[in-house]
Amino acid sequence: LRASKLAGLTQVPVIIRVGDNSMAKLELAIIENLQREDLNSVERARAFLKLAHEFKFTHVQIGQKMGKSREYVSNTLRILTLPEEILTALSEGKISEGHSRPLMMLSDHPEEQNVLFKEIIVKRISVREAERIARKIAHEKIRNKDYIPDPELLEIEGRLRETLGTRVHIEKKNNGGKITIDFFSPDDLRGILDLIKSNESKSPSDMLDRFVSTEHIEIPKAGEATTIQEEVALADDRSRDEIKKAEEDADLYNIQNFSL
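Nothing here was measured: the structure is a model prediction, and the numbers come from that model.

Colleague: Break down the overall build of the protein for me, with residues and values.
Modeller: Within the protein one finds 13 helices and four strands. Here the protein holds 260 residues, and 43% of them are scored as buried. For the protein, contacts bridging at least 24 residues in sequence account for 62% of all contacts bridging at least 6. Put simply, the protein shows about 15200 Å² of open surface, and 49% of that area lies on carbon and sulfur atoms.

Colleague: Quick one: what's the story with the nonpolar core, residue by residue and with numbers?
Modeller: In this structure, I79, L82, I95, L103, L116, F117 and I120 are the most contacted members of the largest nonpolar core, which totals 22 residues. Within the residue set of this core, elements represented by two or more residues are α5 (84-91), α6 (100-105), α7 (110-122) and α8 (127-137). Of all hydrophobic cores here, the second largest spans 16 residues; its members include F48, I62, M66 and V73.

Colleague: Run through the packing of aromatic side chains, naming residues and quoting values.
Modeller: Tallying each qualifying case throughout the model produces two aromatic pairs. Aromatic side chains F48 and Y72 sit 6.4 Å apart centroid to centroid with 70 degrees between the ring planes, which places their arrangement in the edge-to-face category. You can see F48 sitting in helix α2 (residues 41-54) and its partner Y72 sitting in helix α4 (residues 70-78), a full 24 residues away along the chain. For the pair F55 and F57, a centre-to-centre distance of 5.8 Å together with 25 degrees between the ring planes defines the contact as stacked. For the cation-ring pair, K68 lies above Y72, with the distance from its terminal atom to the ring centre recorded as 4.7 Å.

Colleague: Explain the side chain of T166 residue by residue, including any values.
Modeller: Its place among the elements puts T166 in the loop between α9 (151-164) and β3 (168-172). Here D182 takes part through its backbone oxygen, which lies 2.9 Å from a polar atom of the side chain of T166.

Colleague: Quick one: what's the story with the confidence of the model for the protein, residue by residue and with numbers?
Modeller: For the protein, per-residue confidence averages 75 on the pLDDT scale, and 70% of positions sit at 70 or higher. Note on residues 1-19: pLDDT under 50 across the span, and 39 contacts to partners over four residues away in sequence or across chains. Counted against residues more than four places away or in other chains, residues 255-260, with its pLDDT under 50, gives 17 contacts.

Colleague: Would you mind going over helix α3 (residues 59-66) in detail, with residue names and values included?
Modeller: I62, G63 and M66 are the residues of α3 that are buried. For α3, the angular spread of buried residues about the axis comes to 100 degrees, placing them on one side. Once α3 ends, the next one or two residues include G67, with phi positive near 70 degrees.

Colleague: Describe in detail the environment of Y72, supporting the description with residues and values.
Modeller: The buried category is assigned to Y72, whose relative accessible area is 8%. Measuring from C-alpha to C-alpha, the distance between Y72 and V60 comes to 9.6 Å, with 12 residues separating the pair along the chain. Of note is the side chain of Y72, whose polar atom sits 3.5 Å from the side chain of R44.

Colleague: I'd like to hear about unusual backbone geometry, residue by residue, with values.
Modeller: The residue K56 is not glycine, and still its phi comes out positive at about 60 degrees. Within the secondary structure, K56 sits in the loop between α2 and α3.

Colleague: How would you summarise the pattern of salt bridges if you had to cite specific residues and measurements?
Modeller: Tallied over the full model, the rule gives 14 salt bridges. Between E54 and K50 there is a salt bridge, with the nearest N and O atoms lying 2.8 Å from each other. With E54 and K50 both in helix α2 and four residues apart, this pair spans about one turn of that helix. You can call K50 buried: its relative accessible area is 16%. Measuring nitrogen to oxygen at the nearest pair gives 2.6 Å for the salt bridge that ties K94 to E92. The class for K94 is buried, based on a relative accessible area of 2%. Sharing partners across several salt bridges, the network here consists of E112, E119, K123, E157, R161, R167 and D182.

About the criteria used
- All chains use their own residue numbering, which begins from 1 and follows the written sequence.
- In keeping with the model being predicted, local features are shown solely for residues with a pLDDT of at least 70 and side-chain atom pairs are shown and tallied solely at 80 or more, while totals for entire chains, interfaces and linings include all residues.
- The side-chain numbers reported here are obtained from all heavy atoms of the structure, hydrogens and water having been left aside.
- The helix count covers DSSP runs of H or I at least four residues long, the strand count covers runs of E at least two residues long, and both are numbered beginning at the N terminus.
- Working definition: with a 1.4 Å probe on protein chains only, accessible area under 20% of the residue-type maximum means buried, over 50% means exposed, and in between means partly exposed.
- Contact between two residues is taken to exist if any of their heavy atoms lie within 4.5 Å; hydrogens are not considered.
- Accessible surface area values rest on a Shrake-Rupley calculation with a 1.4 Å probe, where residue burial reflects the displayed protein chains alone.
- Only buried Ala, Val, Leu, Ile, Met, Phe, Trp, Tyr and Cys residues count toward a nonpolar core, and they belong to the same one when joined by side-chain atoms within 4.5 Å.
- Any pair of Phe, Tyr and Trp rings, taking the six-membered ring for Trp, is counted once the centres come within 6.5 Å. Such a pair is stacked with planes under 30 degrees apart, edge-to-face with planes over 60 apart, and tilted for the rest.
- Only lysine NZ and arginine CZ atoms are considered, and such an atom sits over a ring when it is within 6 Å of the ring centre and within 35 degrees of the ring normal.
- As used in this structure description, the phrase polar contact means that two N or O atoms lie within 3.5 Å; if the pair is within protein, one of them must be able to donate a hydrogen and the other to accept it, and residues adjacent in sequence are counted only when both atoms belong to side chains.
- A residue's pLDDT is the predictor's confidence in that residue, given on a scale from 0 to 100.
- Relevant arc is that of directions from the helix axis to the C-beta atoms, nothing else.
- Here, a salt bridge means any side-chain nitrogen of Lys or Arg that lies within 4 Å of a carboxyl oxygen of Asp or Glu.

Encoded structure:
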């Protein structure tokens, strides 16, 4: 047999002969692929998954073979929980690995996750800004354990999003509060007034999609060539120490550890 693909990585021919030594050779080939400097995070995650499923390695064992911690392996594997469209953009360099964290914070809010994904590409949102937006969207999850979100406010927020076709955030304070409504052009403001008067429902990404269409902004599709890799790299505005700490953080994607 000839293994032509290893977990979606660049093709590496491996001759597999009958016998106990064949699996060891396949394992070695996967690990050698993982040593490549140009490997992206999605390829790395799929290779880790192959080692875990086919060779029954624990995250600790994979980390030992790679000279990494268990937390690094676990955090890398979590990337694969993202929708395929986002994984494709990540593997093609259209968003950075740092952007995967705030996107995963919205795993329970798929519509909002999709809107943030589009905004990262269209508006070139930095990692820090994407995290700030994700924290605001998921505010009901990042309070302390005794906090009980107001179901009426959450319902009103959801209905406003559907009516206006854009992101809406309601912040309640001791005395009153405020409503934040995203818009992308002056025309959107008048459109918001018109929509408030109507009963028409909109997708949460409707306003963003209309802006993209009007301004003739193209969101790169899977497989399309792109020239924004350098901009994406610049958009990861975290320091090297912050990136290193994030890779080894056992609670990297635990939203309860974030505060507003």
